[in-house]
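# Observations on the three-dimensional arrangement
Read off the chains here:
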Amino acid sequence: MPVGFSRSEVQAIAALANLELDESELDLFARQLGEVLDYATQVQNIDTTGVPPTASLGVRHEADRADLVQPSLDRDLALSNAPDASLEAGLFKVPRVIG
Amino acid sequence: MPFEAVIGLEIHAQLQTASKIFCGCSTVFGAPPNTHVCPVCLGFPGALPVLNGAAVDFAVRAGLALGCRINDRSIFARKNYFYPDLPKGYQISQYELPLASQGALEYTVGDGIRRVGITRVHLEEDAGKSLHEGFSDSDRKTYVDFNRSGVPLIEIVTEPDLRSAPEAAAFFARLRAILVWLGVNDGNMEEGSLRCDANVSVRPAGSGAFGTKAEVKNLNSFRFLQKALEYEIDRQIELLREGGRVRQETRLFDAASGGTVSMRSKEEAHDYRYFPEPDLPPVVLDADRVDALRRAMPELPDARRRRFIEQHALPEYDAGHLTESRALADYFEQAVAAGGSPKMVSNWMMGELARALNDNGREISDAPVTAARLASLLQLIDRGTISGAMAKGVFEKMCASGRDAAEIVEAEGLSQIDDEAQILERITSVLSEHADAVAQFRAGKAAALGFLVGQVMKATAGKANPRRVNELLKRELGGGSPGT
């Protein structure tokens, strides 16, 4: 049975993802996300009693790092792909985000 | 109708690792902007996080000190939101399965034991720093420094067990002392390595239900925490008294006005869409590792305070003061081990030593007189070699010169005169010079004795043992007290 996805739900998700969608996209994604949810519903119907949740396939933790400082990136290189960075101040720059 | 406040705290504490939580960049504070950054902490596509084992150890220690259950398996989760100081568009944190949970901090307040539940302790990464002011184009631009991005934090969440602003501030101070004591955090609130947010609501006193809460952010000192809470509690009570209702929202403390202002309402708040971090395996803590950390835990402040009272017979006040920091407590015990009598060591630490540290802006770890040297000074008083009053002068010279007490006493001929024959010699001449005072004493004027003691002390340049002078004078004057 299809679960369905409303246009307003799609709109709310788009807002969280900072996406602007037009009318036809709202319909398209409502249908497509609905299909994804349908699939998830099918999976959810499987009886998983006694099966521990799997967050990741790696289970042991021998891969931890020792607490050693490694060289960082050269600052100019770090800033080199950032639009509008201030090389002088050594800072990234974005449109003002508060008041 | 009387109201009561219900307060829970969320505390972010930077862990004292050398490198960041998921990369090898340095965590040192105050470096030039964006010099401690790399593809991982800048969120470059394809860069993968690798967990710093030391961050886990620190978090476990904090969890143990807070009486938490250490979960043998915890998972990292992505907390998704957009802000320029968060380069990946998500913060790696822990959500459903935190590293530690269900603890409590118990501590002594007056005669009672206070218990504040700890909901959870989890690991997460810090964000970068946004600079909104100070540049010629600050009206249009925000600048970002990512040195702090990826610095390891624990978030400690308490149960809503606190009931007033002073109580919350006292708890936070207690928690800070423990984190610093453990070496988990440096306690530096000015540099932002310890930060506190508070959830506050009010309800009619005695009610079991919770009111609507507001979250107050930006409480980076004990004073701000207390002021912000006081303001917020009053604001909410006022609102309810006027028949209004509290909105669930995030409020920012404004240090300048001493008030809180609305930041955003929870209705429009973020839906963080947490999901398990696919780039990191679960944190699996085997029992051996947790046991080793548990065994290496230092004695905590409250336990040490109780032991000082029992083992060293210190008054409550002294024991409380001396366990304010681990370094202070260590100094005390080193001095006692070196032969200082506990109450004397305590008095000197709270008196002369505290003054000397204060005057020179020094910490106990950098004390001008070591614990062993303080003990040897106090032993000179105990043995009667010098008087307490003389010891103060010797202590000052020890601070200034770095020499030890015996050396100064020897070099400056400060040894107290305790020899009966020497003191009697002075007494005889004082008695013959001050026949009038002697007569007054014999006539029953007790104060005359004090005058005569003073004269003998003066004659020995303050070096005579005052107790002996007193004894011998009374004997010479015919024993007994005046009037008998």
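Further up the page is the structure itself.
Note that the coordinates shown come from a computational prediction; the quantities given were computed from them, not determined experimentally. (Residues numbered from 1 in each chain as written. Chains lettered and ligands numbered in written order. Predicted model: local features only at pLDDT ≥ 70, side-chain atom pairs only at ≥ 80, totals over all residues. Heavy atoms only, no water.)

## Brief notes about the packing of aromatic side chains
One pass over the structure, following the stated rule, counts 11 aromatic pairs over all chains. Where Phe92(A) meets Phe146(B), the ring centres are 5.2 Å apart and the plane angle is 70°; that geometry is what we call edge-to-face. With Phe92(A) in strand β1 (residues 92-95) and Phe146(B) in the loop between β9 (141-145) and β10 (152-158), the pair connects residues from two separate chains. Phe146(B) carries the same exposure label as Phe92(A), and that label is buried. Consider the rings of Trp348(B) and Phe395(B), whose centres lie 5.7 Å apart with planes at 65°: the pair is edge-to-face. You can see Trp348(B) sitting in helix α8 (residues 342-360) and its partner Phe395(B) sitting in helix α10 (residues 388-401), a full 47 residues away along the chain. (Phe/Tyr/Trp six-rings, centres within 6.5 Å; stacked < 30°, edge-to-face > 60°. Helix = DSSP H or I, 4+ residues; strand = E, 2+ residues; numbered from the N terminus. Buried < 20%, exposed > 50% of the residue type's maximum accessible area, 1.4 Å probe, protein only.)

## Let's talk about the pattern of salt bridges
All names here are of chain B. A full pass over the atoms with the stated rule returns 38 salt bridges over all chains. Residue Glu 232 pairs with Arg 251 through a salt bridge whose shortest N-O separation is 3.2 Å. With Glu 232 in helix α3 (residues 222-241) and Arg 251 in strand β13 (residues 249-254), this pair connects stretches of sequence that are 19 residues apart. Each member of the pair, Glu 232 as well as Arg 251, carries the same accessibility label: buried. The closest approach of N and O atoms between Asp 302 and Arg 305, which form a salt bridge, is 3.5 Å. Pair noted here: Asp 302 and Arg 305 are both in helix α5 (residues 301-312), with a separation of 3 residues, about one helical turn. Among the residues examined, Asp 302 registers a relative accessible area of 14% and is labelled buried. Residue Arg 305 is classed as buried on the basis of its relative accessible area of 9%. Through salt bridges with shared partners, a single ionic network connects Arg 174, Asp 302, Arg 305, Arg 306 and Glu 316. (Salt bridge = Lys/Arg side-chain N within 4 Å of Asp/Glu carboxyl O.)

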